[in-house]
Amino acid sequence: MVAHAFIFSVISLCPEVHYLTEEKVYEILSICEGKKDYSPLIRVIGRIFSSADALVQSFRKDKEQHPNTKETTAMEQESEASASMEGATGSTENRLGPVEVSVDIEAVRRVYDRLLSNEKIESAFLNALVYLTPNVELDLTYLDVYNTNPDYLNIFIIVMENSSLHSPEYLEMAMPLFCKCMSKLPLPALAKLTRLWSQYSVEHIRRMMETFQQLITYTVISNEYDSDSLVNDDECVVAAAKCLKLVFYANVLGGDLDTGHNEEEEPASESSELTLQELLGEERSNKKGPRVDPLEKELGVRTLDCRRPLIPFEEFVNEPLNDVLEMDKDFTFFKVDSESKFSFQSCPFVLNACTKSLGLYYDNRISMYSERRITALYSLVQGQQLNPYLRLKVRRDHIIDDALVRLEMISMENPADLRKQLFVEFEGEQGVDEGGVSKEFFQLVLEEMFNPDIGMFTYDESTKLFWYNPSSLENEAQFTLIGIVLGLAIYNNCILDVHFPMVVYRKLMGKKGTYLDLADSHPVLYQSLKELLDYEGDVEEDMMITFQISQTDLFGEPITYDLKENGDKIPVNADNRKEFVSLYGDYILNKSVERQFKAFRRGFQMVTNESPLKCLFRPEEVELLICGSRNLDFQALEETTEYDGGYSKDCRIIKDFWETVHSFGEEDKRLFLQFTTGTDRAPVGGLGKLKMIIAKNGPDTDRLPTSHTCFNALLLPEYDSKEKLKERLLKAITYAKGFGML
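Here the structure is a predicted model, which means the values were calculated and not measured. Positions within a chain are numbered from 1, following the residues in the order the chain's sequence is written. Under the rules for a predicted model, residues below a pLDDT of 70 receive no local features and side-chain atom pairs below 80 are neither given nor counted, while totals for whole chains, interfaces and linings still include all residues. Heavy atoms throughout the structure, all of them, feed into the side-chain values; hydrogens and water do not.

Engineer: Help me understand empty space enclosed by the protein in this model?
Structural biologist: Unfilled space is identified by rolling a water-sized probe across the atoms. Cavities and pockets were defined on a 1 Å grid built over protein atoms only: a cavity is a set of grid points that admits a 1.4 Å probe from which the probe cannot escape, a pocket is an open set flanked by protein on both sides within 12 Å along at least five of seven lines, and lining residues are those with an atom within 4 Å of any such point. Grid points are joined across faces, edges and corners, and a volume is the space filled by probe spheres set on the points. Evaluation of the coordinates by the stated rule reveals three cavities of 30 Å³ or more. Within this model, the largest cavity holds a volume of roughly 70 Å³. Lining the largest cavity are Phe49, Tyr112, Phe125, Ala128, Leu129, Leu132, Val159, Asn162, Leu165 and Tyr170.

Here's what the structure looks like:
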């Protein structure tokens with residue numbers, strides 16, 4: 001009787017519990033386990049976890065806190081407010097240092113681990129969260145609760161430690177409401193939460209990432225979207241994407257960061273048309289350059305700064321969302337109506353490269369139409385006829401000279417003309433440029449510019465990659481031309497056969513090359529420097545290296561360079577070898593090719609400076625945009641190919657055709673692709689995005705197949721045997737170099 005009386009007396013105290021500690025939870029749990037009645041604990045959890053005030057005070061690090069107080073002390077308030085101000089500036093608080101919060105996170109994790117194994121108690125957490133979220137949302141929407149009490153953030157820290165948030169019950173009932181609450185936190189609070197999560201283990205960050213991803217996927221597949229009912233209007237998906245952004249940046253902050261080594265930005269070239277636009281009361285879109293994400297600015301870190309995140313960037317892409325996203329509408333929200341409408345391009349990490357490239361395509365096309373309109377208005381105002389397109393007329397045997405003169409003139413007089421739609425004409429040749437002629441123009445320019453005999457680039461046989469020749473005799477205009485060509489290729493949706501190491505794309509996006517980038521650009525040198533760093537013997541005595549390095553110039557003559565002043569007199573030892581390696585990498589990748597690369601980047605930015613390229617794409621995705629994918633899935637190409645002129649997928653010759661193509665080796669497949677489309681690479685998204693057409697071109701004949709590369713169309717006679725088809729097709733693709741295509 002005494003024991004029972006004691007138990008009931010403790011349980012009767014439960015209504016007096018105003019907040020929870022780890023010890024208090026275990027005390028009540030122990031009593032409930034002894035009684036085999038968990039209802040008192042369930043009532044306590046329901047009351048505390050459904051009350052914002054109670055939850056804020058729970059699981060505090062300060063164990064001596066007075067049990068009846070619902071507010072922090074004045075000293076705590078002042079300390080937290082100070083931390084909040086530091087977070088707002090993004091400079092005082094060390095984003096990589098410890099983030100001070102008043103909640104004992106480890107205690108919260110232990111409590112969850114202990115209680116979530118009980119189904120009845122687990123449902124109490126779920127029900128409490130459903131009751132909690134509307135009040136929290138109201139507090140954040142109408143009351144300045146975080147600035148008044150920064151400990152309000154404890155609510156979100158505690159809830160996110162619940163390892164059951166990804167379960168169907170939570171995804172359906174609680175998480176949509178909770179994500180809406182979290183997305184309403186002020187920017188300093190979001191930044192502080194991100195910094196805190198960046199210090200979590202990979203397992204914890206992955207669990208949070210998967211929770212928000214599953215909520216997006218669950219919501220998307222549970223609803224139907226169309227042009228009238230957009231996924232952009234789904235509050236649950238939008239809120240989950242905003243919350244996923246915090247995890248994404250936590251993943252970046254917690255990864256291998258390089259916040260230094262930034263390339264100096266050159267001022268963008270101004271167009272003479274700006275004066276006209278001002279006259280017409282208009283402003284060029286994105287005149288100040290691509291937008292910066294507020295959270296990114298608050299944290300003082302960019303995606304580009306992360307060499308290796310804790311979780312691969314690809315895992316943040318949500319394919320079901322990409323499938324239902326109306327990119328034309330989303331682009332409009334991103335470009336025009338970003339204040340009132342949400343655009344998923346503000347969360348580019350959730351989009352795949354194919355979806356983002358579509359957004360870039362819309363941006364490019366709108367810019368082209370804008371340039372045409374401005375040109376027409378200019379003609380009316382000035383009374384002179386201007387060309388609404390970027391027209392290049394070149395001679396095939398003087399293609400570099402002609403292109404260089406024309407593009408250099410445009411870039412000096414009016415760089416905005418580079419953003420007009422490109423039309424190329426080869427002198428003395430018929431053919432309307434609807435894409436195919438431009439493709440060949442790009443390819444011929446690159447073939448000549450990258451010719452090792454010209455000496456602009458060096459070629460590494462082991463890596464199959466090109467690098468800038470430090471001792472090149474070519475002037476800067478030649479390198480600017482290549483930059484313009486790469487920019488025009490992106491702008492005009494053309495794939496180029498260029499082979500640069502990844503560091504080139506990182507530099508184009510604004511990062512300098514470092515020692516680590518030598519791994520793919522100069523692998524032999526990288527390995528030597530790595531061995532120097534790892535060497536355990538006497539570096540100075542055994543290596544006998546100084547801070548002076550030597551190279552060979554264009555004519556094979558040795559040249560020396562001091563990495564530091566009087567470098568030939570400074571030996572490399574165990575203490576300064578890291579500095580030596582850093583300076584060596586900086587010289588090879590930056591200083592030695594500074595003149596060439598600056599001209600190259602200047603040309604690239606003339607075309608892309610006003611596009612959202614930099615804020616949407618990572619360096620590896622920029623390479624994919626320019627070069628296309630090396631992965632050729634001809635099965636996907638077959639499934640998406642269309643037929644015309646009497647052919648269908650069930651025709652004998654079409655079946656013979658695909659059997660023949662599938663039997664080709666890798667080289668012949670690339671030749672076929674080059675012959676049909678003008679490039680031997682797959683576009684972003686794979687060959688399934690190519691939309692090739694096979695059209696009937698008469699009955700059996702000895703004529704070879706032909707192609708319209710601008711339409712990705714193959715004109716195929718109806719050969720009377722599979723053997724003849726293969727022989728004619730192989731001959732066509734083998735001897736199609738030059739303008740043998742239509």
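Engineer: When you look at helix α29 (residues 619-627) in this model, what are you seeing that I'm missing?
Structural biologist: In an α-helix, one turn spans 3.6 residues; hence positions three or four apart end up facing the same way. In this scheme, a residue with accessible area under 20% of its type's maximum is buried, one over 50% is exposed, and one in between is partly exposed, where area comes from a 1.4 Å probe on protein chains only. Per the convention used, a helix needs a DSSP run of H or I reaching at least four residues, while a strand needs a run of E reaching at least two, with both numbered from the N terminus. Within α29, seven of the nine residues are buried, which leaves the element mostly enclosed by the surrounding structure. Buried within α29 we find Pro619, Glu621, Val622, Glu623, Leu625, Ile626 and Cys627. The positive-phi residue at the C-terminal boundary of α29 is glycine 628, with phi of around 75 degrees.

Engineer: What is the right way to look at the sheet that holds strand β10 (residues 693-696) in this model?
Structural biologist: Backbone hydrogen bonds are what pair the strands of a sheet, in a parallel or an antiparallel way. Any two strands with at least two DSSP bridges between them are considered paired. In space, the four strands of this open sheet follow the order β9-β10-β12-β11, with mixed pairing throughout. With one partner strand each, in any of the chains shown, β9 (642-644) and β11 (706-708) form the two edges of the open sheet. In this sheet, adjacent strand axes meet at a mean angle of 25 degrees when their direction is disregarded. Pairing between β9 and β10: three bridges, direction parallel. When the bridges of β10 are listed, tyrosine 643 appears paired with isoleucine 694. Fitting a line to C-alpha atoms yields each axis, with helices limited to the stretch in contact; the angle taken between N-to-C directions then spans 0 to 180 degrees.

Engineer: Help me understand the packing of aromatic side chains in this model?
Structural biologist: Ring pairs (aromatic) are described by centroid distance and by the angle formed between their planes. Note on aromatic contacts: the rings of Phe and Tyr and the six-membered ring of Trp form a pair at centre separations within 6.5 Å, being stacked when their planes are under 30 degrees apart, edge-to-face when over 60 apart, and tilted otherwise. Scanning all chains against the criterion turns up 35 aromatic pairs. Seen from their ring centres, phenylalanine 248 and phenylalanine 313 are 5.6 Å apart, and the 40 degrees between their planes marks the pair as tilted. Of this pair, phenylalanine 248 sits in helix α13 (residues 235-253) while phenylalanine 313 sits in the loop between β2 (306-308) and α16 (319-324), and the two are 65 residues apart along the sequence. With a centroid separation of 5.7 Å and 50 degrees between ring planes, the pair formed by phenylalanine 441 and phenylalanine 442 is classed as tilted. Judged by relative accessible area, phenylalanine 441 falls into the buried class, the value being 0%. Three or more aromatic residues joined by ring pairs form one cluster here, namely Phe450, Phe457, Tyr459, Phe466, Trp467, Tyr468, Phe479, Phe500, Phe597 and Phe600. The criterion is that NZ of a Lys, or CZ of an Arg, lies within 6 Å of the ring centre and within 35 degrees of the ring normal, and then a charge sits over that ring. Stacked on the ring of tyrosine 200, the Lys or Arg arginine 109 has its end atom at 4.6 Å from the ring centre. For the cation-ring pair, arginine 114 lies above tyrosine 26, with the distance from its terminal atom to the ring centre recorded as 4.8 Å.

Engineer: Looking at this structure, I do not really get the side chain of aspartate 656. What am I missing?
Structural biologist: Tracing the backbone shows aspartate 656 in helix α31 (residues 652-663). For aspartate 656, a relative accessible area of 13% puts it in the buried group. When residues no more than four places from it in sequence are discounted, the contact partners of aspartate 656 are Lys722 and Leu725. Working rule for contacts: check all heavy atoms of both residues, and any pair within 4.5 Å makes them a contact.

Engineer: Would you mind showing me how to read a nonpolar patch on the surface here?
Structural biologist: Each patch is built from residues that are more than 30% exposed by relative accessible area and take part in no salt bridge. Like charges join if they lie within 9 Å; nonpolar side chains (Val, Leu, Ile, Met, Phe, Trp, Tyr) join within 5 Å. Here, Shrake-Rupley sampling with a 1.4 Å probe gives the accessible areas, and only protein chains in the shown set may cover a residue. Every case where a carboxyl oxygen of Asp or Glu lies within 4 Å of a side-chain nitrogen of Lys or Arg is listed as a salt bridge. Among the surface-exposed residues, Leu138, Tyr142 and Leu143 lie close enough to one another that they form a single nonpolar patch of about 360 Å² accessible area. Mapping leucine 143 onto the fold places it in the loop between α7 (119-142) and α8 (145-148).

Engineer: Help me out: how do you make sense of the packing of α7 against helix α10 (residues 168-183) in this one?
Structural biologist: In a packed pair of helices, the relevant descriptors are the angle between the two axes and the axis-to-axis distance. At a minimum axis separation of 8 Å, α7 and α10 run at an interaxial angle of 25 degrees. As summarised for this structure, α7 and α10 are arranged roughly parallel, according to the angle between their axes. The two elements α7 and α10 cross, and the hand of that crossing is left-handed. Within the contact between the two elements, α7 uses Glu122, Phe125, Leu126, Leu129, Val130, Thr133, Val136, Glu137 and Leu140 and α10 uses Glu169, Tyr170, Met173, Ala174, Leu177, Phe178, Lys180 and Cys181. Residues that form the contact of α7 with α10 fall into these classes: twelve nonpolar, one polar and four charged. Angle categories: roughly parallel below 35 degrees, roughly antiparallel above 145, roughly perpendicular from 65 to 115, and oblique for all the rest. If you view the pair so one helix is near and one far, a crossing is left-handed when the near helix is turned anticlockwise from the far one by less than a right angle, and right-handed when it is turned clockwise. Amino acid classes used here: Ala, Val, Leu, Ile, Met, Phe, Trp, Tyr, Cys and Pro are nonpolar; Asp, Glu, Lys and Arg are charged; the rest, including Gly, are polar.

Engineer: Would you mind going over a negative patch on the surface with me for this structure?
Structural biologist: Charge convention: Lys and Arg are scored as positive, Asp and Glu as negative, and His as well as the terminal groups of each chain are ignored. Charge coordinates come from a single atom per side chain, which is NZ of Lys, CZ of Arg, CG of Asp or CD of Glu. Taken together, the side chains of Asp538, Glu540, Glu541 and Asp542 make up a negatively charged region of the molecular surface. Assignment of secondary structure puts glutamate 540 in helix α25 (residues 539-543).

Engineer: Looking at this structure, how should I read the nonpolar core?
Structural biologist: Side chains that are nonpolar tend, in soluble globular proteins, to be buried together. Ranked by size, the top nonpolar core spans 101 residues in total, and within it Phe49, Ile155, Phe156, Met182, Trp197 and Phe344 carry the most contacts. The element best represented in this core is α13, accounting for 15 residues. Not counting chain neighbours up to four residues away, the residues in contact with phenylalanine 49 comprise Leu20, Leu55, Phe59, Tyr112, Phe125, Ala128, Leu129, Leu132 and Ile158. We call a set of buried Ala, Val, Leu, Ile, Met, Phe, Trp, Tyr and Cys residues a nonpolar core when their side-chain atoms join them within 4.5 Å. With 81 residues, the next largest nonpolar core counts Leu481, Phe500, Tyr587 and Cys627 among its residues.

Engineer: In this structure, what is going on with helix α33 (residues 722-734)? I would like to understand it.
Structural biologist: In this model α33 runs 18 Å from its N-terminal to its C-terminal C-alpha over 13 residues, within 8% of the 18 Å that 1.5 Å per residue would give. Within the sequence span of α33, burial applies to Lys724, Leu725, Arg728, Leu729, Ala732 and Ile733. One side of α33 carries all its buried residues, which in axial view fall inside an arc of 150 degrees. Against the buried residues of α33 lie α31, α32 (666-677) and β12 (713-716). Each helix should span, by expectation, one fewer than its residue count multiplied by 1.5 Å. The arc in question is the one traced by the directions running from the helix axis out to the C-beta atoms.

Engineer: What should I look at first to understand the pattern of salt bridges in this one?
Structural biologist: Tallied over the full model, the rule gives 38 salt bridges. Here aspartate 233 ties to lysine 341 by a salt bridge, and the two come within 2.9 Å at their closest N and O atoms. Placement of aspartate 233 in the loop between α12 (202-222) and α13 and of lysine 341 in the loop between α17 (327-335) and α18 (353-382) is noted, with a sequence separation of 108 residues between them. We classify aspartate 233 as partly exposed; its relative accessible area is 40%. Using a relative accessible area of 29% as the deciding quantity, one classes lysine 341 as partly exposed. Across the salt bridge formed by arginine 670 and glutamate 666, the nearest N and O atoms sit 3.4 Å from each other. Taken as a pair, arginine 670 and glutamate 666 lie in helix α32 at a separation of four residues, close to a single helical turn. With a relative accessible area of 16%, arginine 670 lands in the buried category.

Engineer: Just checking my understanding: could you explain the pairing of β10 for this structure?
Structural biologist: On a regular strand, one side chain projects to one face of the sheet and the next to the other, so that they alternate. When β10 meets β12, the two strands line up parallel, connected through four bridges. The partner of alanine 695 across the bridge, within β12, is leucine 715.

Engineer: Explain the side chain of aspartate 305 here, please?
Structural biologist: Turning to its location among the elements, aspartate 305 is positioned in the loop between α15 (294-299) and β2. When its relative accessible area of 4% is taken as the criterion, aspartate 305 is described as buried. Here the side chain of aspartate 305 touches lysine 511 through a polar contact of 2.9 Å, side chain to side chain. Those residues in contact with aspartate 305 that sit more than four places away from it in its chain are Asp256, Leu257, Asp258, Thr259, Asn262 and Lys511. Pairs of N or O atoms within 3.5 Å make up the polar contacts considered here, provided that, within protein, one atom can donate a hydrogen while the other can accept it, and that residues adjacent in sequence are counted only when both atoms are side-chain atoms.

Engineer: Just checking my understanding: could you explain the layout of surface pockets for this structure?
Structural biologist: Its volume calculated, the second largest pocket comes out at about 1,100 Å³. Along the walls of the second largest pocket sit 40 residues, with Tyr361, Asn493, Cys494, Pro683 and Lys689 positioned nearest its centre. Those elements that provide at least two residues to the lining of the second largest pocket are α16, α18, β4 (422-426), α20 (436-449), α21 (476-491) and α29. Among the elements that take part in the lining of the second largest pocket, α18 stands out by supplying eight residues, more than any other. Taken together, the residues that form the lining of the second largest pocket break down as 19 nonpolar, 13 polar and eight charged.

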